[in-house]
Amino acid sequence: MAGDDARTAEIKAKLKERDEFIRESWVKAMEARLVRDELEKCQKAEGVNHYETCRWLSDKYLQMLRDNRVQGYKHIDL
């Protein structure tokens, strides 16, 4: 009985950890989407000068694309 309770608590903890990991991954992906939207607004507003004016947003967005990919959680031992 006590072993079952411990096993259940362990599984719940692993599932909670997995959910938090996936949630954080999606939050980072949505942050990248917001930066992309701001970049599009900047490009439309600046016209031909957007290469210089919006460069910092472009660099930030490219870095976020590299770093903030949505990742699944493949490691769980049940």
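Preceding this section is the structure that the text describes.
Residues numbered from 1 in each chain as written. Predicted model: local features only at pLDDT ≥ 70, side-chain atom pairs only at ≥ 80, totals over all residues. Heavy atoms only, no water.

### Looking at the nonpolar core
With eight residues, the main nonpolar core is built from Ala32, Val35, Leu39, Cys42, Cys54, Leu57, Tyr61 and Met64. Contributing elements (two or more residues each) for this core: helix H1 (2-46) and helix H3 (55-67). For this core, the element with the most residues is H1, which contributes four residues. Contact partners of Val35, with chain neighbours within four places excluded, come to Leu57, Lys60, Tyr61 and Met64. (Core = buried A, V, L, I, M, F, W, Y, C linked by side-chain atoms within 4.5 Å. Buried < 20%, exposed > 50% of the residue type's maximum accessible area, 1.4 Å probe, protein only. Helix = DSSP H or I, 4+ residues; strand = E, 2+ residues; numbered from the N terminus. Contact = heavy atoms within 4.5 Å.)

### Section: the side chain of His50
Along the chain, His50 falls in helix H2 (residues 50-53). When its relative accessible area of 18% is taken as the criterion, His50 is described as buried. The residues contacting His50, other than those within four sequence positions of it, are Gln43 and Arg55.

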